[in-house]
Amino acid sequence: MTFALFEMSLNQEVQERVRQEVKEVLARQNGEINYDSIMEMKYMEQVIREALRMYSPASVLKRRCIKDYKVPGSDLVIEKGTLAIIPVVGIHYDEDHFPNPEKFDPERFSDKNIHNIKPFSHLAFGGGRRECIGERFGIMQSKVGLATLLKKYKFTLSEKTQMPLKMDPSQFLTTAVGDIWLDYEKI
Ligand code: HEM
């Protein structure tokens with residue numbers, strides 16, 4: 001939520017589009033934030049998935065190799081017992097997977113474009129058998145939070161946020177040095 005609001009503060013047109021979506025959906029649903037209304041907020045979900053690409057809470061994943069594995073197209077054999085570190089941030093910022101990776105672009109996750117995202121290249125929730133069991137719940141909680149805030153408040157970047165953003169290497173989860181500070185006004 002924090003990084004989504006941070007990017008929406010830098011990209012006011014995205015923030016306004018999400019707010020319009022919230023207003024339109026809530027107008028159809030008697031103003032209630034419930035399961036049905038949350039599921040209808042599709043553009044907001046694109047924004048959250050793009051924020052998770054750029055600022056994945058887990059910057060690496062770990063896997064222990066359970067049998068010798070020859071990497072296709074190379075002579076490399078990963079031996080049984082090897083601990084593999086999967087560089088989530090590196091993959092999320094790889095041009096081959098996400099062109100112009102420094103750009104916050106929720107359109108990557110639109111119905112039209114989502115098929116361009118290769119399997120296992122968006123790893124904010126991990127992948128395979130140990131993929132996050134709470135993915136849908138996590139996205140839903142974030143949507144409830146953002147809908148509640150954006151329908152009432154406009155967010156802008158505070159001068160207290162240290163730009164350009166730097167991540168704190170001493171933190172386990174992705175955290176900005178000096179924290180992220182936003183200003184808000186009632187609308
Ligand atoms: C935006 C929110 C969340 C993010 C970004 C996230 C991310 C992750 C990641 C990266 C993993 C490791 C997956 C892997 O190794 O392949 C994971 C595992 C897990 N997550 Fe989440 N998570 C989120 C929310 C939640 C919530 C809300 C719950 C529970 C209600 C949850 C429960 C779990 C559990 C139990 C695992 C371990 C799964 C296993 O080892 O089989 N997560 N999560």
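Here, every reference points to the structure presented above.
The structure contained in this document is the topic of the report that follows. (Residues numbered from 1 in each chain as written. Predicted model: local features only at pLDDT ≥ 70, side-chain atom pairs only at ≥ 80, totals over all residues. Heavy atoms only, no water.)

Moving on: the coordination of the iron atom of the ligand. Just one protein ligand coordinates the iron atom of the ligand, and it is Cys 132 (SG) at 2.2 Å. Within the secondary structure layout, Cys 132 lies in the loop between helix H5 (88-92) and helix H6 (135-150). (Donors = N, O, S within 2.8 Å, 3.2 Å for Na, K, Ca; no water. Helix = DSSP H or I, 4+ residues; strand = E, 2+ residues; numbered from the N terminus.)

For the structure shown, the criterion picks out four aromatic pairs. With centroids separated by 4.4 Å and ring planes inclined at 10 degrees, the aromatic side chains of Phe 3 and Tyr 55 adopt a geometry described as stacked. Of this pair, Phe 3 sits in helix H1 (residues 2-10) while Tyr 55 is found in the loop between helix H4 (42-54) and strand S1 (60-64), placing the two residues 52 residues apart along the sequence. For the pair Phe 3 and Tyr 55, one class covers both residues: buried. Ring geometry for Phe 6 versus Tyr 55: centroids 6.2 Å apart, planes at 85 degrees, classification edge-to-face. With Phe 6 in helix H1 and Tyr 55 in the loop between H4 and S1, this residue pair connects regions lying 49 residues apart in the sequence. Owing to a relative accessible area of 2%, Phe 6 belongs among the buried residues under this scheme. Pairwise contacts between aromatic rings join Phe 3, Phe 6 and Tyr 55 into one cluster. The ring of Tyr 43 carries Arg 17 above its face, with NZ or CZ at 3.7 Å from the centroid. If you follow Arg 53 out to its NZ or CZ, it ends over the ring of Tyr 93, 5.6 Å from the centre. (Phe/Tyr/Trp six-rings, centres within 6.5 Å; stacked < 30°, edge-to-face > 60°. Buried < 20%, exposed > 50% of the residue type's maximum accessible area, 1.4 Å probe, protein only. Lys NZ or Arg CZ within 6 Å of the ring centre and 35° of its normal.)

A few words on the site of the ligand. Close to the ligand lie 16 residues; Arg 63, Gly 126, Gly 127, Arg 130 and Cys 132 are nearest. Note that an oxygen atom of the ligand is positioned 2.6 Å from one of the side-chain N or O atoms of Arg 63. Contacts to the ligand include Gly 127, whose backbone N or O atom sits 3.1 Å from an oxygen atom. Among the elements of the structure, S1 and H6 are those that each provide at least two residues to the shell around the ligand. Looking at which element gives the most residues to the shell around the ligand, the answer is H6, with three residues. In the shell around the ligand, the residues fall into eight nonpolar, five polar and three charged. (Near = heavy atom within 4 Å. Polar contact = N/O pair within 3.5 Å; in protein donor to acceptor, adjacent residues only side chain to side chain. Nonpolar A, V, L, I, M, F, W, Y, C, P; charged D, E, K, R; others polar.)

Looking at where Tyr 93 falls in the secondary structure, it is placed in the loop between H5 and H6. With relative accessibility at 24%, the residue Tyr 93 sits in the partly exposed group. Spatially, the C-alpha atom of Tyr 93 lies 29 Å from that of Ile 38, the residues being 55 residues apart in sequence. In this structure, Tyr 93 is in contact with Arg 53, Met 54, Pro 101 and Glu 102, ignoring residues within four places of it in sequence. At 2.9 Å, the side chain of Tyr 93 forms a polar contact with the backbone oxygen of Met 54. (Contact = heavy atoms within 4.5 Å.)

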